[in-house]
Amino acid sequence: MGQAGHLICFVATYLVLMAGLAIGQEPVVVMVHNTVDHEGIDYEGPLLDLKDIERIEAHRQAYPQFPMQHFLNAAYVTHGGLSIEEVRRRLKRIVRPKDGLGVHIHPVESLVVAAGVDYRNGPTYFGESQSPYRGEPTPRFPKGHRGNDVPLWLYTEKEIEKIFRFSLKTLADLGFTGINSSRTGAWMSDEKVLRVVAKLGLEAESSAVPPAMVRPLYGDKPLMDHINRLWQDITPTSQPYLQKISSTNKNLLIIPNNVGLADYVDQEVVVRHLRQQIAAAKPGEAIQLVYGYHLETAVEYMDRVDRVFEALLRMEQKREIVLKPVTFGEALPKMRRDVYRRAGCF
């Protein structure tokens, strides 16, 4: 560590110790992140299905203390199945002012073409040489839609940057500004993607996932090989960390999706991993519990999110934890302090 690094550690140590004196000894704080992946597809029902939106509204009414961290997808606009105004109206029903905002990208054909990039149709991470057409045809895409299962890293870094910039502008035009993070479809954020995220000034990336959680679903698919390559060190107890971005002087905060999503993880698994996180936590650190769901399967899986929240509230009632539902933006200062602590600054 150079002189500058020691100075940063010294300052960070001082700030954290002062914060610790102010806080005193308390039960472990669990910062809960209720993430929402917006897929931008109509493969599992109509685009921005009103049934899913209504289920999310019911969930929010039952648990108003839990804000959402949305990973928004510009493909809702480029798909062409709904007018821009209707896309805006439906998203505004579930994205509230205090929610956190990130960007979610699957390189579907409509999005890639709209960004001015030549579309690539495979190979897919499921092992197909070409991505098949799915979903409802639209005037511009009369055969349907494809590319949701293509890794983003198949594109060049310049192409990825164009897709990101187009997505951020499109979402801003819808009224969604202040996006501070990203999550790539199927966890496919390689070094090229991370460089783009850092270059664009986003504060955090949340594609990291424990391979052990993916293996039961996709253990026989190329996707599993990609996950092992990208996130081999991530486990359900992994906490945010800084990753040095190659060919730059930047570090990017990685926030692992450490307990997965409701589509494949229920409340018993989440609570088990939370107890492991509590056992591994060091004094003064907060636990970042990153869970969530897909908008497109809210009707099918939102009950699991409800049960996770009920389990967490019971743990709080028993004084096992101090529960703090947050967005990424709200948690970033504490995450950074804990990162410096784990990096050995003190």
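Refer to the structure printed above.
Since the structure is predicted, the reported quantities are computational estimates derived from the model, not experimental observations.

A. Layout of the packing of helix α2 (residues 50-62) against helix α4 (residues 84-94). At a minimum axis separation of 9 Å, α2 and α4 run at an interaxial angle of 25 degrees. Judged on the interaxial angle alone, α4 and α2 are roughly parallel. Contact residues: L50, I53, E54, I56, E57 and R60 in α2; R90, R93 and I94 in α4. The residue inventory of the contact of α2 with α4, partitioned by class, reads four nonpolar, no polar and five charged.

B. Focus on the pattern of salt bridges. By the definition in use, this model includes 18 salt bridges. Here R55 ties to D306 by a salt bridge, and the two come within 2.5 Å at their closest N and O atoms. With R55 in helix α2 and D306 in helix α11 (residues 298-317), the pair connects residues that are 251 residues apart, well separated along the chain. Here R55 falls in the buried class, since its relative accessible area comes to 17%.

C. Region of interest: empty space enclosed by the protein. Evaluation of the coordinates by the stated rule reveals one cavity of 30 Å³ or more. Each pocket or cavity is described by its volume, and for the largest cavity that value is around 80 Å³. Lining the largest cavity, in full, are G40, I41, D42, Y43, A75, H79, V108, E109, S110, H145 and R146. The residue makeup of the lining of the largest cavity, split by class, is four nonpolar, four polar and three charged.

Each value, and the rule that gives it
Residues numbered from 1 in each chain as written. Predicted model: local features only at pLDDT ≥ 70, side-chain atom pairs only at ≥ 80, totals over all residues. Heavy atoms only, no water. Axes fitted to C-alpha atoms, helices over the stretch in contact; angles between N-to-C directions. Helix = DSSP H or I, 4+ residues; strand = E, 2+ residues; numbered from the N terminus. Parallel < 35°, antiparallel > 145°, perpendicular 65-115°, else oblique. Contact = heavy atoms within 4.5 Å. Nonpolar A, V, L, I, M, F, W, Y, C, P; charged D, E, K, R; others polar. Salt bridge = Lys/Arg side-chain N within 4 Å of Asp/Glu carboxyl O. Buried < 20%, exposed > 50% of the residue type's maximum accessible area, 1.4 Å probe, protein only. 1 Å grid on protein atoms, 1.4 Å probe; cavity = no way out; pocket = protein on both sides within 12 Å on 5 of 7 lines; lining within 4 Å. Points joined across faces, edges and corners; volume = space filled by probe spheres on them.

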